[in-house]
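Structure assessment
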Amino acid sequence: MANKRDLKKDINYVFGDIIEAVYYWELENSEKPTKESEAIIDEAIASFDELIARVNDRGVENAKAHFKAINNDLESKGRALIERINKLK
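These notes cover the structure that comes with them. For every chain, the first residue of its written sequence is number 1, and the numbers climb from 1 along that sequence. Only residues with pLDDT of at least 70 get local features here, since the model is predicted, and only at 80 or more are side-chain atom pairs given and counted; chain-wide, interface and lining totals rely on the full set of residues. To obtain the side-chain values, all non-hydrogen atoms of the structure were used and water was disregarded.

1. A closer look at the overall build of the protein chain
Note the following rule: Per the convention used, a helix needs a DSSP run of H or I reaching at least four residues, while a strand needs a run of E reaching at least two, with both numbered from the N terminus. Three exposure classes are used, based on accessible area relative to the maximum for each residue type with a 1.4 Å probe and protein chains only: buried under 20%, partly exposed in between, and exposed over 50%. In this analysis, two residues are considered to be in contact whenever any of their non-hydrogen atoms come within 4.5 Å of each other. The accessible surface values rely on the Shrake-Rupley method and a 1.4 Å probe; as for residues, cover is taken only from the protein chains in view.
Summing up its helical and strand segments, the protein chain has three helices and zero strands in all. When the elements of the protein chain are put in sequence order from the N terminus, they spell out α-α-α. For the protein chain, the spread of C-alpha atoms along the principal axes amounts to about 50 × 20 × 15 Å. Out of the 89 residues belonging to the protein chain, those deemed buried represent 28%. Intrachain contacts of the protein chain at a sequence separation of at least 6 include 68% that bridge at least 24 residues. In the structure as shown, the protein chain presents an accessible area of about 6,200 Å², 50% of it carried by carbon and sulfur atoms.

Right, dumping it as structure tokens:
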């Protein structure tokens, strides 16, 4: 990991792209209910807030391990949300 600023940008880009993908799905499927898609957006926003708060936490003893864990969580949460988008009908 290069630095904290790059990690924040990665978090922003990943969740921004996920939310954008959900909006595109909603535009293409306007006749279908959007409760599932709204739940994905809500979860993306909550995950974004959680990860940014963890990045900004200053009371960390082992910064390298802390940021590596955040990066791993970003990957896992991003993949889970993308899988949910792909399962939308």
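2. As for the pattern of salt bridges
Stated precisely, the cut-off is as follows: Any carboxyl oxygen of Asp or Glu that lies within 4 Å of a side-chain nitrogen of Lys or Arg is treated as forming a salt bridge with it.
Evaluation of the coordinates by the stated rule reveals five salt bridges. In this structure, Glu-50 and Arg-54 form a salt bridge, with 3.7 Å as the shortest nitrogen-oxygen distance. Here Arg-54 and Glu-50 lie together in helix α2 (residues 35–56), a separation of four residues that amounts to about one turn. On the accessibility criterion, Glu-50 (34% relative accessible area) is partly exposed. It is possible to trace a salt-bridge network through shared partners that takes in Glu-50, Arg-54, Asp-73 and Lys-77.

Function cannot be read off these values alone, since they describe shape.
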